[in-house]
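Working through the structure, step by step
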Amino acid sequence: MLLIRCPYCDETLPELEFAYAGEAHIARALDPSSVTDEDWRDFLFIRSNAKGPHYERWRHVHGCGRFFNAVRDTVTDRFLTTYKAGEAKPDLETLTGDAR
Amino acid sequence: MTIHPHDLTPGKIAESAACKVHMLDPVARFSLRAHEPERKAVADALELDLPWYVGDVAKTGETEVLNLGPDEWLIVAPEGQTDFASRTVDAPHALTDISDRELTFRITGPRASDLLTLGCPRDPDSIKPGQGRRTLFDSATVVLWRDGENDFRMDIWRSFAPHAVSLLALGCAELAAE
């Protein structure tokens, strides 16, 4: 089982308390009526499908209830970091440097 | 035999040398949601202490307030002592009566913490005495309060209670037989 650190509870807890919620940092257009069909398609359906570090959303659904972001290596399942929703993307080079 | 939620009545559920499980009398429960900027104004208006850290419990008289998340509190008070709910609060918030949603069980005894590990993915010992957390018990969401070293309270949605009770009763007997 994965152990995930919730940045709101500041505790490392079993995966069962959490729910995966898709790729992170995909922002809805501020002015939806001006978005082209191609951009809508990309927003709705096109995902990076990363092999390696992946920015993704999780929700501590059976705990504090909050959504937060994580960087997980999709090859090793190792969580490089978790951070609160709304915070800037952490720099990948510093994260992978720490992991080695 | 199938147990229905309405078959469960306050009193002893299971007892062994290892632990005891009791169902508690009904209490008034409220869910409070408010964002951080409004926390102080809501706390002052309700005349309750709203703890800031997730898992912390604050007591105001007989009323207990548990912080479930950054913007969510669970308020538990004896039935009939819910004056705070009728006070006027000007700050944006949501205060909802959820008294009938859950049943509460008290789990005590020298192996109370071991009994909870049957269903909790989280280590019950990570909850310090005097704190509480929302977590899982065998896939049902519960609120777990730790009132003392070997004294837990579990709030569980009433439809899930029969399942949890069966598991707790079984575990109670198994731990004593070890």
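Residues numbered from 1 in each chain as written. Chains lettered and ligands numbered in written order. Predicted model: local features only at pLDDT ≥ 70, side-chain atom pairs only at ≥ 80, totals over all residues.

- Labelled according to an unreviewed UniProt entry, chain B appears under the name Sarcosine oxidase subunit gamma, originating from Palleronia pontilimi.

- Per an unreviewed UniProt entry, chain A goes by Sarcosine oxidase subunit delta and derives from Palleronia pontilimi.

**A word on the interface of chain B and chain A**
- With 12 residues of chain B in contact, the opposing surface of chain A contributes 12 residues.
- Mapped by element, the contributors of at least two residues to the side of chain B that touches chain A are strand 5 (63–69) and strand 9 (132–137) of chain B.
- No other element matches strand 9 of chain B, which puts three residues into the side of chain B that touches chain A.
- Looking at the side of chain B that touches chain A, its residues break down into five nonpolar, four polar and three charged. (Contact = placed C-beta atoms within 7 Å. Helix = DSSP H or I, 4+ residues; strand = E, 2+ residues; numbered from the N terminus. Nonpolar A, V, L, I, M, F, W, Y, C, P; charged D, E, K, R; others polar.)

**Here we look at helix 1 (residues 39–46) of chain B**
Residues and elements named next belong to chain B.
- Residues Arg 39, Val 42, Ala 43 and Leu 46 constitute the buried set of helix 1. Looking straight down helix 1, one finds that the buried residues subtend no more than 100 degrees of arc, so they occupy a single side.
- Residue Glu 47 follows helix 1 closely and has a positive phi angle near 60 degrees. (Buried ≥ 20, exposed ≤ 12 C-beta atoms within 10 Å, placed from the backbone. Arc of directions from axis to C-beta.)

**A short note on the domain arrangement of chain B**
All names here are of chain B.
- The domain architecture assigned to chain B consists of domain 1 (11–26 + 101–177) and domain 2 (28–99).
- Computed from C-alpha coordinates alone, the two centres of domain 1 and domain 2 are separated by 24 Å.
- Facing the 11 residues of domain 1 at the interface are 10 residues of domain 2.
- Only strand 9 and strand 10 (140–148) provide two or more residues apiece to the side of domain 1 that touches domain 2.
- The biggest single contributor to the side of domain 1 that touches domain 2 is strand 9, with three residues. (Domains from an automatic or database assignment.)

**Describing the sheet that holds strand 6 (residues 79–84) of chain A**
Residues and elements named next belong to chain A.
- Pairing in this open sheet of four strands is antiparallel, and the strands run 3-4-5-6 from one edge to the other. Only two strands of the sheet have a single partner each, and these edge strands are strand 3 (19–23) and strand 6. On average, each strand axis in the sheet is tilted by 30 degrees relative to the strand beside it, whichever way the strands run.
- In the sheet, strand 4 (residues 53–59) pairs with strand 5 (residues 67–73) via seven bridges, with the strands oriented antiparallel. (Pairing = 2+ DSSP bridges. Axes fitted to C-alpha atoms, helices over the stretch in contact; angles between N-to-C directions.)

**Some words on the nonpolar core**
Residues and elements named next belong to chain B.
- If you look at the biggest cluster of nonpolar residues, it comprises 51 residues, and the most contacted ones within it are Val 21, Trp 73, Ile 75, Ile 107, Met 154 and Leu 168.
- Taken together, domain 1 (11–26 + 101–177) and domain 2 (28–99) each give at least three residues to this core, which thus spans both.
- Filtering out sequence-adjacent residues up to four positions away, Leu 168 remains in contact with Ile 13, Ala 14, Val 21, Ile 107 and Leu 115. (Core = buried A, V, L, I, M, F, W, Y, C linked by C-beta atoms within 7 Å.)

**Comments concerning unusual backbone geometry**
- Positive phi values are uncommon outside glycine, yet Asp10(A) reaches one of about 55 degrees.
- Relative to the helices and strands, Asp10(A) resides in the loop between strand 1 (3–6) and strand 2 (11–14).
- Overall, Asp10(A) belongs to the exposed group, with 10 C-beta atoms counted inside 10 Å.
- Positive phi is not limited to glycine here, since Ser139(B) has a value of about 75 degrees.

**Quick word on the environment of Leu66(B)**
Residue and element names in this part refer to chain B.
- Within the secondary structure, Leu 66 is located in strand 5.
- A tally of 24 C-beta atoms within 10 Å means that Leu 66 is categorised as buried.
- C-alpha separation for the pair Leu 66 and Pro 51, spaced 15 residues apart in sequence, amounts to 7.1 Å.
- Ignoring anything within four residues of it in the chain, the contact list for Leu 66 reads Val 57, Trp 73, Leu 74, Gly 132, Val 143 and Trp 145.

**Concerning the confidence of the model for chain B**
- Mean pLDDT for chain B: 94, with 99% of residues reaching 70 or above.
- On the interface metric, ipTM, the complex scores 0.88, and its pTM is 0.90. (pLDDT = per-residue confidence, 0-100.)

**Quick look at the sheet that holds strand 7 (residues 94–97) of chain B**
All names here are of chain B.
- What the five strands build is an open sheet, ordered 4-5-6-3-7; its pairing is antiparallel. The outermost strands of the open sheet, each flanked by one partner alone, are strand 4 (57–60) and strand 7. Across the sheet, the mean angle separating the axes of adjacent strands is 20 degrees when strand polarity is ignored.
- With five bridges connecting them, strand 5 and strand 6 (residues 72–77) associate as antiparallel partners. Along strand 6, the bridge assignment pairs Leu 66 with Leu 74.

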